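# Residue-level structural notes
Each chain, letter by letter, is given below.
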Amino acid sequence: MIAWLKGMVLYVAHGYKWSREIADFVRWSQQYNLWCKMLFFGQQLEKELREEVEIQRQSGPQNLLELLQDEFTKEQYRQMRQSQGKTGDGDSTLRSWVSRGYIAFDEVSGNYRKTEAYKKKYG
(Lines give C-alpha, C1' and ligand atoms only; values in the text may rest on other atoms or scores of the structure.)
Protein backbone atom coordinates (compact mmCIF):
# COMPACT_ATOMS: atom_id res chain seq x y z
CA MET A 1 0.00 0.00 0.00
CA ILE A 2 2.73 2.46 0.96
CA ALA A 3 4.76 1.52 -2.12
CA TRP A 4 1.73 2.23 -4.32
CA LEU A 5 1.24 5.63 -2.65
CA LYS A 6 4.91 6.48 -3.24
CA GLY A 7 4.46 5.51 -6.88
CA MET A 8 1.44 7.79 -7.22
CA VAL A 9 3.37 10.72 -5.74
CA LEU A 10 6.15 10.13 -8.29
CA TYR A 11 3.55 9.76 -11.06
CA VAL A 12 2.01 13.15 -10.21
CA ALA A 13 5.43 14.79 -9.73
CA HIS A 14 6.51 13.41 -13.12
CA GLY A 15 3.70 15.23 -14.90
CA TYR A 16 1.18 12.35 -14.81
CA LYS A 17 3.50 10.11 -16.83
CA TRP A 18 4.23 6.56 -15.78
CA SER A 19 7.73 5.30 -16.44
CA ARG A 20 9.69 2.11 -16.06
CA GLU A 21 11.78 3.74 -13.31
CA ILE A 22 8.65 4.48 -11.24
CA ALA A 23 7.45 0.88 -11.64
CA ASP A 24 10.88 -0.45 -10.60
CA PHE A 25 10.94 1.86 -7.57
CA VAL A 26 7.43 0.79 -6.50
CA ARG A 27 8.42 -2.88 -6.76
CA TRP A 28 11.65 -2.28 -4.80
CA SER A 29 9.81 -0.23 -2.18
CA GLN A 30 7.25 -2.99 -1.69
CA GLN A 31 9.93 -5.66 -1.28
CA TYR A 32 11.92 -3.46 1.10
CA ASN A 33 8.81 -2.79 3.16
CA LEU A 34 8.10 -6.54 3.44
CA TRP A 35 11.73 -7.23 4.34
CA CYS A 36 11.60 -4.60 7.13
CA LYS A 37 8.36 -6.05 8.49
CA MET A 38 9.82 -9.56 8.56
CA LEU A 39 13.01 -8.29 10.18
CA PHE A 40 11.17 -6.52 13.01
CA PHE A 41 7.98 -8.61 13.34
CA GLY A 42 8.92 -11.99 11.81
CA GLN A 43 9.22 -13.92 15.07
CA GLN A 44 5.95 -12.50 16.37
CA LEU A 45 4.18 -13.36 13.10
CA GLU A 46 5.54 -16.93 13.16
CA LYS A 47 4.41 -17.37 16.77
CA GLU A 48 0.90 -16.12 16.00
CA LEU A 49 0.70 -18.32 12.91
CA ARG A 50 1.65 -21.41 14.96
CA GLU A 51 -0.99 -20.49 17.55
CA GLU A 52 -3.62 -20.06 14.83
CA VAL A 53 -2.75 -23.44 13.31
CA GLU A 54 -3.05 -25.05 16.76
CA ILE A 55 -6.45 -23.44 17.33
CA GLN A 56 -7.68 -24.70 13.96
CA ARG A 57 -6.33 -28.16 14.70
CA GLN A 58 -8.25 -28.32 17.98
CA SER A 59 -11.51 -26.95 16.64
CA GLY A 60 -14.26 -29.25 15.47
CA PRO A 61 -15.06 -32.78 16.47
CA GLN A 62 -12.26 -35.07 17.54
CA ASN A 63 -11.91 -38.82 17.15
CA LEU A 64 -12.93 -40.23 20.53
CA LEU A 65 -10.99 -43.44 19.96
CA GLU A 66 -7.80 -41.42 19.45
CA LEU A 67 -8.39 -39.68 22.78
CA LEU A 68 -8.62 -42.98 24.66
CA GLN A 69 -5.72 -45.13 25.84
CA ASP A 70 -4.92 -48.41 24.08
CA GLU A 71 -6.89 -50.24 26.77
CA PHE A 72 -9.91 -48.65 28.40
CA THR A 73 -13.05 -49.45 30.34
CA LYS A 74 -16.60 -48.62 29.39
CA GLU A 75 -16.67 -46.05 32.19
CA GLN A 76 -13.52 -44.32 30.88
CA TYR A 77 -15.13 -44.22 27.44
CA ARG A 78 -18.30 -42.64 28.85
CA GLN A 79 -16.29 -40.04 30.76
CA MET A 80 -14.42 -39.17 27.56
CA ARG A 81 -17.73 -38.79 25.72
CA GLN A 82 -19.04 -36.43 28.39
CA SER A 83 -15.83 -34.36 28.41
CA GLN A 84 -16.27 -33.88 24.64
CA GLY A 85 -19.88 -32.77 25.04
CA LYS A 86 -21.47 -35.97 23.73
CA THR A 87 -24.80 -37.17 25.12
CA GLY A 88 -26.10 -40.69 25.55
CA ASP A 89 -24.29 -43.84 26.62
CA GLY A 90 -22.42 -44.37 23.34
CA ASP A 91 -22.97 -48.12 23.19
CA SER A 92 -23.76 -47.96 19.48
CA THR A 93 -20.37 -46.34 18.83
CA LEU A 94 -18.61 -49.10 20.76
CA ARG A 95 -20.48 -51.75 18.75
CA SER A 96 -19.54 -49.95 15.54
CA TRP A 97 -15.86 -49.86 16.53
CA VAL A 98 -15.95 -53.57 17.35
CA SER A 99 -17.64 -54.47 14.04
CA ARG A 100 -15.09 -52.38 12.10
CA GLY A 101 -12.22 -54.11 13.88
CA TYR A 102 -10.95 -50.98 15.63
CA ILE A 103 -11.33 -52.41 19.13
CA ALA A 104 -11.85 -55.80 20.75
CA PHE A 105 -13.61 -56.62 24.01
CA ASP A 106 -11.66 -58.72 26.51
CA GLU A 107 -14.22 -60.75 28.45
CA VAL A 108 -11.72 -61.72 31.15
CA SER A 109 -10.74 -58.19 32.17
CA GLY A 110 -13.93 -56.48 30.94
CA ASN A 111 -11.87 -53.88 29.08
CA TYR A 112 -11.80 -52.75 25.49
CA ARG A 113 -8.48 -52.80 23.64
CA LYS A 114 -7.48 -51.13 20.38
CA THR A 115 -6.57 -53.75 17.79
CA GLU A 116 -3.15 -54.01 16.19
CA ALA A 117 -4.74 -53.42 12.78
CA TYR A 118 -6.20 -50.13 14.05
CA LYS A 119 -2.90 -49.04 15.56
CA LYS A 120 -1.00 -49.79 12.34
CA LYS A 121 -3.53 -47.94 10.22
CA TYR A 122 -4.20 -44.91 12.43
CA GLY A 123 -1.48 -44.95 15.08
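Before going into details, it helps to say that this report is about the structure given with it.

Counting residues in each nonpolar core, the largest one holds 11 residues, listed as Leu64, Leu65, Leu68, Phe72, Tyr77, Met80, Leu94, Trp97, Ile103, Tyr112 and Tyr118. For this core, the secondary structure elements donating two or more residues are helix H3 (64–67), helix H4 (74–83) and helix H5 (91–100).

Attention now moves to the sheet that holds strand E1 (residues 71–72). Read across the open sheet, the 3 strands follow the order E1-E3-E2; overall the sheet is antiparallel. Every interior strand has two partners, whereas the edge strands, E1 and strand E2 (103–106), have only one. Strand direction decides the pairing type here: E2 and strand E3 (residues 111–114), joined by 4 bridges, are antiparallel. By the bridge assignment for E3, isoleucine 103 is matched with lysine 114. Against the sheet, H5 contacts E1, E2 and E3, and its axis sits at roughly 105 degrees relative to E2.

A few words on the environment of glycine 7. Here glycine 7 shows up in helix H1 (residues 2–13). A residue is classified by how much of its surface remains accessible, and glycine 7, at 0% relative accessible area, is buried. Sequence spacing of glycine 7 and phenylalanine 25 is 18 residues, and the spatial spacing of their C-alpha atoms is 7.5 Å. Those residues in contact with glycine 7 that lie beyond four places of it in its chain are Trp18, Ile22 and Val26.

What counts as what
- Residues numbered from 1 in each chain as written.
- Predicted model: local features only at pLDDT ≥ 70, side-chain atom pairs only at ≥ 80, totals over all residues.
- Heavy atoms only, no water.
- Core = buried A, V, L, I, M, F, W, Y, C linked by side-chain atoms within 4.5 Å.
- Buried < 20%, exposed > 50% of the residue type's maximum accessible area, 1.4 Å probe, protein only.
- Helix = DSSP H or I, 4+ residues; strand = E, 2+ residues; numbered from the N terminus.
- Pairing = 2+ DSSP bridges.
- Contact = heavy atoms within 4.5 Å.
- Axes fitted to C-alpha atoms, helices over the stretch in contact; angles between N-to-C directions.

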